Amino acid sequence: MNYVSTRNKSLKATAAEAIAKGISEEGGLFVPDTFVYLTKADFERISKLDYVGRAKEILKLFLNDFTDEEIDYCAKGAYTGSFDEERPAPLVALNDKVNILELWHGPTCAFKDLALQLLPYLLTTSAKKVADGKKTVILVATSGDTGKAALEGFKDVEGTEILVFYPSDGVSPMQKLQMDSQKGKNVNVFAIKGNFDDAQTGVKKIFTDADMKSLLLENNMQFYSANSINWGRLAPQIIYYVSAYCDLLKTNPEIDNTGFNVVVPTGNFGNILAAYYAKKMGVPIRKLICASNANNVLTDFINTGKYDRNREFFTTISPSMDILISSNLERMLFELSGNDDKMVAVLQKSLSDNGTFEVNDEIKLKLSDLFYGGCCDDAETLATIKETFDKYGYLCDTHTAVAVNVYNGYVEKTGDNTPTVIASTASPYKFAKSVLSALSDNIENDEFSIVRALSEFTNTSVPSPIAALENATVRFGTVCDKTEMPDVIKAALKI
Ligand SMILES: *Cc1c(COP(=O)(O)O)cnc(C)c1O
């Protein structure tokens, strides 16, 4: 297996190169040029393993230039001791049809931990193979959860420095506190004036800035990306869909025949793309249900085949999905077009020149066959939190609630009652204020009084990483303009 660029298939890379580079030189994203199909016997074998074992089985298929020892080191390092009860991705049944895949039992209480606990291992192992003793400088633009998860993953990792940029108006107070209080000798955190797209565009510019690049080289450093366009972020996400299927096989063996639908609260399209890749590898996923908040650019794309980012940007109560450019969609376009790199290059050019593109009829058909797209606004999100709690005693965060809402709408519209897995992407305590406001009028002002009130009202316990924040020391929080990014980076790296 090789990795190729979505915009130019003749540019090939090994897994280590794809992970170390993050993005291909002409702007395309790395994708595997072949996929391994898992058989029934494979799944039965993998089902017997714990999460680390399952992770190793999947990683082996994608990281073919890693030795078994390296894969063992990476998977054990990432998933031992960092998740509640050593179960990174437990399934919780809502009823006999619907399961919630809880992806927030890691150190930052959001699903990005599943990938970002592993990425530092993959990246430092890759860098050793392809680079040459240069210091690894990680640049991250975050809509909130990536930043904290990357900081936790990379803190005090030998030979690395990490810089995180979050939008000053676009993260929750809890997310902000999580990042501003980050511990570690090699961490730097900045707020960028504007929204997530501003932060992301700023970081992308830095990556391609020739002056910055040569300045880094002079100082024996190299930029790396930890954003969800890195293949090292995607591969770990495939693992939990395979793992969820393995768990389902144990509790309801008929899942093998019925298959199951997957619902994903979506922003950058990484998580749902991983579900698609799992499907491609043989996990019997039927419909991929893509749930968006008021920033419903993907809903429109799935329904019409036209992607159009020229629209109002909304700041919502599910901020990690406040995105108008879903970067990982590019990989899906590559798939849908039958690996047509020329077509992907044209579509992406149109997106960057005009903010829009439209796919052809053949792709539209495939798109609507594979996906269902739906969206809801903040009021509907809050109503869903209350309804789900009242009906099932299950407390979901604002992002997960978008998924539950869209799923309910899907069932109402189609009558499809295939078993379903809903990805739950954050702990409700990360967005405690909104969640509590959905359930009760008794709104406190202080973030931690809200957390306690939510715990008392719902009789659920506060995750320890959130409880520990109350007495954490704030170290960061400087707000800067995106034009100042090169300067703050130079200052942080002392170059
Ligand atoms: C990042 C994030 C999402 C969106 O995931 P994508 O892979 O970008 O689609 C959804 N919910 C939460 C809580 C997140 O942190």
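Structure: above.
Given the structure is predicted, the values throughout are model-derived calculations rather than measurements. Chains are numbered independently. Their residues run from 1 in the order of the written sequence. Thresholds applied to this predicted model are a pLDDT of at least 70 for local features of residues and 80 or more for the giving and counting of side-chain atom pairs; totals over whole chains, interfaces and linings are not thresholded and use all residues. Water and hydrogen atoms were dropped before computing side-chain values, which therefore reflect all heavy atoms in the structure.

Student: Any chance you could break down the packing of helix 9 (residues 196-208) against helix 23 (residues 485-493) for me, citing the residues and the numbers?
Tutor: The contact between helix 9 and helix 23 brings their axes to 10 Å, and the two run at 65°. What the angle tells us is that helix 9 and helix 23 run roughly perpendicular. Note on packing geometry: the crossing formed by helix 9 with helix 23 is right-handed. Here A199, G202, V203 and I206 of helix 9 lie close against helix 23, whose contacting residues are M485, P486 and I489. Lys, Arg, Asp and Glu make up the charged group, whereas Ala, Val, Leu, Ile, Met, Phe, Trp, Tyr, Cys and Pro make up the nonpolar group; the residues left over, Gly among them, are polar. Considering only residue class, the contact of helix 9 with helix 23 consists of 6 nonpolar, 1 polar and no charged. Simply put, an axis is a line fit to the C-alpha atoms, just over the touching stretch for a helix, and the angle between two N-to-C directions goes from 0 to 180 degrees. Helix numbering and strand numbering both begin at the N terminus, where a helix is a DSSP run of H or I of at least 4 residues and a strand a DSSP run of E of at least 2. Angles are sorted into four bins: roughly parallel if under 35 degrees, roughly antiparallel if over 145, roughly perpendicular if 65 to 115, and oblique for all others. Crossing handedness is defined as follows: a turn of the near helix away from the far one that is anticlockwise and smaller than a right angle gives a left-handed crossing, while the clockwise case is right-handed. Should any heavy atoms of two residues lie within 4.5 Å, those residues are considered in contact.

Student: Residues and numbers for the site of the ligand, please.
Tutor: Neighbouring residues are identified by heavy atoms, a residue being near a molecule or strand if any of them is within 4 Å of it. Looking at the ligand, there are 15 residues lining it, with K112, D145, G267, N268 and T425 nearest. Polar contacts, as counted here, are pairs of nitrogen or oxygen atoms within 3.5 Å of one another; within protein the pair requires one atom able to donate a hydrogen and one able to accept it, and residues that are adjacent in sequence qualify only if both atoms are side-chain atoms. Between F269 and the ligand, the recorded distance is 3.1 Å, taken from a backbone N or O atom to an oxygen atom. Taken by itself the ligand offers 390 Å² of open surface, and the protein chains cover 97% of this. Here the ligand is seated within the largest cavity. By residue class, the composition of the shell around the ligand is 5 nonpolar, 8 polar and 2 charged. What sets the accessible areas is the Shrake-Rupley method with a 1.4 Å probe; for residues, cover comes only from the shown protein chains. Of the two site types, the cavity is a set of points on a 1 Å grid over the protein atoms alone where a 1.4 Å probe fits but cannot get out, and the pocket is an open set with protein on both sides within 12 Å along at least five of seven lines, each lined by residues with an atom within 4 Å of a point. Here the criterion for a molecule occupying a pocket or cavity is that more than half of its atoms lie within 2 Å of the pocket grid points.

Student: A description of empty space enclosed by the protein should follow, citing residues and the corresponding values.
Tutor: Grid points are joined across faces, edges and corners, and a volume is the space filled by probe spheres set on the points. If you walk through the whole model with that rule in mind, you get 3 cavities of 30 Å³ or more. Approximately 280 Å³ is the volume found for the largest cavity. Considering the residues around the largest cavity, the lining is formed by 27 residues, among which F111, K112, G267, N268 and S320 are closest to the centre. Every element with two or more residues in the lining of the largest cavity is listed here: helix 7 (145-154), helix 11 (231-251) and helix 13 (270-280). Residue composition of the lining of the largest cavity, by class: 9 nonpolar, 15 polar and 3 charged.

Functional significance is not addressed by these values, which are geometric in nature.
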